[in-house]
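# Architecture and fold: a report
Next come the chains, spelled out residue by residue.
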Amino acid sequence: SQTIHQWPATLVQPVGSPLSLECTVEGTSNPNLYWYRQAAGRGLQLLFYSVGIGQISSEVPQNLSASRPQDRQFILSSKKLLLSDSGFYLCAWSRLSANTGELFFGEGSRLTVL
Amino acid sequence: AQSVTQPDIHITVSEGASLELRCNYSYGATPYLFWYVQSPGQGLQLLLKYFSGDTLVQGIKGFEAEFKRSQSSFNLRKPSVHWSDAAEYFCAVSRSGTYKYIFGTGTRLKVLA
């Protein structure tokens, strides 16, 4: 069976510090990978998606970046965090061959920037 | 523009009562429709999905949803709510040929004992 792991689950960082959130999928190959941010009352905002190693599409101009160094690894990064980067970050995957399928979500990473 | 609207931000129902959560979408093509549930501090879990065929789809935990093309709606229903159904519910839409899933802003369900 397929699983998706995100870490860390909780992170408190000062403004201006770097960020690295990691996401790994197991039990499948060539997945589509996604990073979403969830803010209270605003639903899920798609930040990045990737259809293959090194292929990253950005949906929203921002202080964040994403990388996909391996087929099943997706990393969300920032060089200098802003207060507005606080939120709940969700990694998700879907099957590449049938992108009409559902998204499978990780448990999320809550980031608080102070 | 493509969008998903969940007009109810909060809904409160008594345990055992019926439930309907509304979802309307604006999409240029035949959509693929999803309902997800999120417990506090957790990721999202798929309740059900519609791609084609029978417009009434059954999901997990006793939920069902009906696709109404003429109304651009995909409302979620449950005949008898349990206290464990208290959570936030998200409607989402996608379509073949894209990698994007558009989510509504969610409906938070509170269940009274």
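Note that this is a predicted model, so its numbers are computed, not measured.

If you tally the helices and strands in chain A, you get 0 helices and 11 strands. Taken from the N to the C terminus, the helices and strands of chain A come in the order β-β-β-β-β-β-β-β-β-β-β. At 13 Å, chain A has a C-alpha radius of gyration in line with the 13 Å of a compact globule built from 114 residues. Sorting the 114 residues of chain A into buried and exposed places 51% on the buried side. Here the analysis covers contacts within chain A between residues at least 6 apart in sequence; of these, 56% occur between residues at least 24 apart. On chain A, the mean spot of the 8 positive side-chain charges and the mean spot of the 7 negative ones are 7 Å from each other.

Residue and element names in this part refer to chain B. Mapping L33 onto the fold places it in strand β5 (residues 32-38). For L33, a relative accessible area of 0% translates into the label buried. L33 sits 49 residues away from H82 along the chain, and the two C-alpha atoms are 24 Å apart. In this structure, L33 is in contact with Y25, L48, K49, Y50, F67, F74, A92 and V93, ignoring residues within four places of it in sequence.

Okay, the state of the cysteines next. Considering all chains together, one arrives at 2 disulfides over all chains under this definition. Note on cysteine connectivity: A:C23 is disulfide-linked to A:C91, with sulfurs 1.9 Å apart. Handedness here is read from the sign of the S-S torsion; for A:C23 and A:C91, about -80 degrees, the answer is left-handed. With A:C23 in strand β3 (residues 19-26) and A:C91 in strand β9 (residues 87-95), this pair connects stretches of sequence that are 68 residues apart. Residues A:C23 and A:C91 agree in their burial class; the two are buried. Through a disulfide, B:C23 is tied to B:C91; the S-S separation comes to 2.0 Å. The sign of the S-S torsion, about -65 degrees, decides the handedness of the disulfide formed by B:C23 and B:C91: left-handed. Of this pair, B:C23 sits in the loop between β3 (19-21) and β4 (24-26) while B:C91 sits in strand β10 (residues 87-94); the two residues are 68 residues apart in sequence, bridging distant segments of the chain. The class for B:C91 is buried, based on a relative accessible area of 0%.

Moving on: the pairing of strand β7 (residues 65-70) of chain A. Residues and elements named next belong to chain A. Pairing geometry for β7 and strand β8 (residues 73-78), over 4 bridges, is antiparallel. Note on β8: the bridge partner recorded for A66 is L76. Joining the antiparallel neighbours β7 and β8 is a turn of 2 residues.

Here strand β1 (residues 3-7) of chain A runs beside β3(A); their pairing, made up of 5 bridges, is antiparallel. Paired with A:H5 across the two strands is A:T24, which belongs to β3(A).

If you look at the interface, chain B gives 24 residues, while chain A gives 24 residues. Summed over both partners, the interface of chain B with chain A comes to about 1800 Å²; 56% of that surface belongs to carbon and sulfur atoms. The largest contributions to the chain B side of the interface with chain A come from B:Y99, B:Y101 and B:F103, which together make up 36% of the buried area. Along the contact surface separating chain B from chain A lie 1 salt bridge. When the shortest N-O distance is used, the salt bridge between A:E102 and B:K49 registers 2.7 Å. Counting the contacts that link chain B with chain A gives 4 residue pairs in polar contact (both at pLDDT 80 or more). At the level of secondary structure, the elements contributing two or more residues to the side of chain B that touches chain A comprise β5, β6 (44-50) and β10 of chain B. If one sorts the elements of the side of chain B that touches chain A by residue count, β5(B) sits on top with 4 residues.

Another point: the packing of aromatic side chains. Per the stated rule, a full pass over the model turns up 18 aromatic pairs over all chains. Taken together, a centroid distance of 5.6 Å and an interplanar angle of 85 degrees make the contact between A:F105 and B:Y36 edge-to-face. Taken together, the residues span two chains, with A:F105 in strand β10 (residues 104-105) and B:Y36 in strand β5. One aromatic cluster is present, built from ring pairs that chain together A:Y34, A:Y36, A:Y49, A:F105, B:Y32, B:F34, B:Y36, B:F51, B:Y101 and B:F103.

Cut-offs used in this document
- Residues numbered from 1 in each chain as written.
- Chains lettered and ligands numbered in written order.
- Predicted model: local features only at pLDDT ≥ 70, side-chain atom pairs only at ≥ 80, totals over all residues.
- Heavy atoms only, no water.
- Helix = DSSP H or I, 4+ residues; strand = E, 2+ residues; numbered from the N terminus.
- Rg over C-alpha atoms; globule rule 2.2 N^0.38 Å.
- Buried < 20%, exposed > 50% of the residue type's maximum accessible area, 1.4 Å probe, protein only.
- Contact = heavy atoms within 4.5 Å.
- Lys, Arg positive; Asp, Glu negative; His and termini not counted.
- Charge placed at Lys NZ, Arg CZ, Asp CG, Glu CD.
- Disulfide = S-S within 2.5 Å.
- Pairing = 2+ DSSP bridges.
- Buried area = accessible area lost by both parts, 1.4 Å probe.
- Salt bridge = Lys/Arg side-chain N within 4 Å of Asp/Glu carboxyl O.
- Polar contact = N/O pair within 3.5 Å; in protein donor to acceptor, adjacent residues only side chain to side chain.
- Phe/Tyr/Trp six-rings, centres within 6.5 Å; stacked < 30°, edge-to-face > 60°.

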